[in-house]
Every structure is written in C-alpha cells, then in structure tokens.
Amino acid sequence: MKIKTPIYVTQPSLPPLEEFEDYLKQIWDNKILTNNGPFHRELEQKLCEYLGVPYISLFANGTLALLTALQALDISGEVITTPFSFVATSHAILWNKLKVVFADIEEETYTLDPTKIEAAITPDTSAILPVHVYGYPCRVKEIHDIASRHGLKVIYDAAHTFGTKLNGKSLCSFGDLSILSFHATKVFNTFEGGAIICHDAAMKEHIDHLKNFGFTSELTVEEMGINAKMSEIQAAFGLLQLKYIEEALEKRREIHDLYIKGLSDISGITLPPEPIGLTQNYSYFPIFINKVKDGKTRDEVYEELKRNNIYGRRYFYPLISKFPTYHGLESAQPGRMPVAEKITEEVICLPIYPDLDSKMVNTIIRVIIKIFDYYN
Ligand code: T4K
C-alpha cells in the first residue's frame, strides 16, 4: 500500500502542450503581449458566456482583483469578513487601509453566519466581504437583505466557485461584485490570474481603468489605478483551458464520489455537505475529524497521511484572525468565533484533481481506513 511518489492536495490541469504552441505562434506573430490584447478580449467574452455573467474584467491574480474591487466601490471604514479563508481575503481589506471586522461562520457551509454579520455592523461599516469557501454558497439571500437594510456593499470572494451554480445561477454572479482566482491550484487556471464580475457596463469600464493605472485615454489619468492586467499569454492559456473544463469537472466529480463512497462509514469523519440546489465544481474535498467521535485528532490523521506520502492541506488553519497581523483586533480575540475555531481544528482537504486516478484515490481511502483502524 506504500505510495511511492508524494500525492499533493492538488495539481494543475494542463492542456496538451502542442495545442498551446498555436497560441504562442499567434502572439509571436502579432507582438501583442498585454494591455487588452485580442486573447484578453476573447477570454472575457468566452468567460461571460461560460459562466453566464454579464461583465467580467480579467486580472493578473485574484488578490489584485480583491484589492481593486474594494477600490472600485470606494469602500471606507469597516468591512465585515470571515476568518475561515485564505489570508488574501482580509489582507485585501488591510491593504486598502480599511478596518477588518471578523464574524463567525456557520457549521453547515463554513461561510459567514448572517446573524453574526448583522451583530457586527456599526455606523462605520460600509461593506461585507463573504467567501464561498470550497465553492459552497454563502447565504446569499440573507446577506443581500442585510446589506439592503443597512446600505452596505457586498463583495463576494468567489475564488473557489468557478463553474458552480446555485439553483441554476452562477455562484459568482451575486453581490455588487464577485472576484475569482485562476491560480495554478484552482479548478480553472491561467498559471496566475483572476477576475472581477460586475453587473453593468459603467462599472466594468471603471474597473478596467483602475487595473490600468487609471488611464481613461492616451492623455488622461482620472483616478489612482494600479497595474493589475492579465497578460496575453495567460489569456491564451485560459482560452485553451476552457476547451477542457467540462472534462476536468467531470473527473473531479468522479473522485469526489469515490471518496464519499469509501469514507462514509467512518464515524470519526464528517464528509463535506451536499448543499441543496448547488451544482458543485469539486474544487476541494474537505473532511472534518472529530476527536470525540473516534479518539483521533485532526493533526494525528494529517501527520499519518504525510507519513504515507499523502499531502492533504489544513485549509484553512490557522484562522486568519490568529495571524500576528490581526492580533490587535477586538473581533480576533479568542472565543469570539467558536464555530470557526472548531472547524479550523477539524479540517483536512484531501487530494483532488483531474489527473488523480481512481486507483490512487482508492489507495488513499484504504490508508485512511487503516488510520482509523476501521475494520478492527
Ligand atoms: N481568496 C481565496 C478564498 C483564496 O483561496 C485565494 C487563493 C485568494 C483569494 C487569492 O487568489 P490568488 O491571488 O492566489 O489568485 C494556495 C494558492 O497559492 C492560493 O492561490 C489559494 N487561494 C490557496 C487556497 O492555496 P498554498 O500556499 O496552499 O499553495 P502551494 O504552493 O502550497 O500549493 C498547494 C499544492 O499545490 C502544492 O503542495 C503542490 C500543488 N501545486 C502548486 C503550485 C503553485 C502544483 O502542483 N503546482 C503549482 O504550480 O496557497
């Protein structure tokens, strides 16, 4: 049962190399490398069609998209967000010199608890920045209602949601703005990359200006922009990736189903939820290890997996609020977010990616069964 080569939590999907050469040849011919070139424009159009969203603006990565989204809506004061995410979520708030206010999550979806959002609102609050963690939907209706009642903006960190739908509607189409990540570790990757999704042409133009230094014409800079543009090589790669996305999602689904079947009888493991109305992208396969149920701690299981060459990841541990940068915040104090504090101690994301073959998935399942000594 010994696994010889390390198996990591993910591995990027790559299309056939020879197909990418055609795109490279076109770039070599036309010499357009960046600044809203033909592949960039084409990828924006194709992604709007694929995701079923009205407007998309491509970015060099998801973090720059988050930073720019906060600028685009002119957010000030305090922003309510989750501690159970990748650190880019709240770093984007800090980089904009705004105050991070953490609120607790729900146990069912690992996303912000609407009642905790409402309790965290003060006269200085201007936005909510929830995260659809692992592609599971936030309570979008409740969050919309809270934002409307209090006059707040909503920016969804939808970095994990590529291809997911809630009741047939793209999960990255909610809120005032949503951001996506196309990092190498994501379901759809352009090596590095990201996007902002918005709902009207004026906002799209505003965002396009912001990501290009604030230029509105050759001679005019009207606002303080940044350079956050996606290059032609990334956009070309994205176009090729789109050709294979359905196949990649299907392979992820097969792995997900194997894990569900193979691990469902182990009492110490809680499997990921199947939210009603959600078309998933199977970007992550989080399991939750409850010591009380089976006597094993998450870290014991995590270390034992590593000894077997299986490199799951504890996404997201520690909570962002535990990092020194956030220690001073009142909302980050221990005991303030009991659900997030529990979930972060229980989670391990198991390897899931299109090139992980079913034999290996079954081996991983057998290793886990052995760790739990399930048949003894
Ligand atoms: N919001 C959320 C909710 C996010 O999750 C993220 C990013 C962002 C915002 C920001 O978006 P970006 O600015 O990144 O576009 C990874 C990624 O670096 C990060 O993009 C991602 N979230 C986060 C959840 O995961 P690490 O530190 O775990 O990455 P790393 O390098 O350890 O990679 C994990 C495994 O993937 C490796 O063990 C091996 C494999 N891998 C990785 C890379 C980079 C490969 O096989 N090839 C590769 O090129 O953060």
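Heads up: the structure comes first, above all this text.
First, a word on what this report is: a plain description of the structure on this page. Note that the coordinates shown come from a computational prediction; the quantities given were computed from them, not determined experimentally.

1. Notes on helix H10 (residues 298-307)
Okay, step 1: Buried within H10 we find Arg298, Val301, Tyr302 and Leu305. In a view along the axis of H10, the buried residues occupy a sector of 100°, so they form one face of it.
Okay, step 2: Buried positions along H10 lie against strand E13 (285-289), strand E14 (310-311), helix H11 (338-346), strand E15 (347-350) and helix H12 (358-371).
Okay, step 3: Taken from the residues just after H10, Asn309 is the one with a positive phi, measuring 70°.

2. A look at the packing of helix H8 (residues 232-263) against H12
Okay, step 1: With their axes 10 Å apart at the nearest point, H8 and H12 run at an angle of 30° to one another. Put simply, H8 runs roughly parallel to H12. The interaxial crossing formed by H8 with H12 has right-handed handedness. On H12, the residues that touch Ile255, Leu258, Tyr259, Gly262 and Leu263 of H8 are Ser358, Val361, Asn362, Ile364, Ile365, Ile368 and Ile369.
Okay, step 2: Broken down by class, the residue content of the contact of H8 with H12 amounts to nine nonpolar, three polar and no charged.

3. So, the sheet that holds strand E7 (residues 165-166)
Okay, step 1: Taken in spatial order, the three strands line up as E8-E7-E12 in an open sheet, and their pairing is antiparallel. Since the sheet does not close on itself, it has two edges, and those belong to strand E8 (169-170) and strand E12 (278-279), each with one partner.
Okay, step 2: Of the strand pairs in this sheet, E7 and E8 are connected by two bridges, and their pairing is antiparallel. When the sheet's bridge partners are listed, Lys165 is paired in E8 with Ser170.

Calculation notes
- Note that residues are indexed from 1 along each chain, following the sequence as it is written.
- Note on the predicted model: pLDDT of at least 70 is required for a residue's local features to be given, and 80 or more for side-chain atom pairs to be given and counted; whole-chain, interface and lining totals, by contrast, use all residues.
- Working from all heavy atoms in the structure, the side-chain values ignore hydrogens and water.
- Exposure categories follow from relative accessible area, calculated using a 1.4 Å probe and restricted to protein chains: below 20% of the type maximum is buried, above 50% is exposed, and the middle band is partly exposed.
- Helix and strand assignments come from DSSP, with helices taken as H or I runs of at least 4 residues and strands as E runs of at least 2, each series counted from the N terminus.
- The arc in question is the one traced by the directions running from the helix axis out to the C-beta atoms.
- The contact criterion used throughout is that any non-hydrogen atoms of two residues lie within 4.5 Å.
- Structural elements are reduced to axes, namely lines fitted to C-alpha atoms, with helices fitted over the stretch in contact, and the angle between N-to-C directions of any two is expressed from 0 to 180 degrees.
- Angle categories: roughly parallel below 35 degrees, roughly antiparallel above 145, roughly perpendicular from 65 to 115, and oblique for all the rest.
- Left-handed describes a crossing whose near helix is turned anticlockwise from the far helix through less than a right angle; right-handed describes the clockwise counterpart.
- In the scheme used here, Gly and all other residues not listed as nonpolar or charged are polar, with Ala, Val, Leu, Ile, Met, Phe, Trp, Tyr, Cys and Pro taken as nonpolar and Asp, Glu, Lys and Arg as charged.
- If DSSP finds at least two bridges between two strands, the strands pair.

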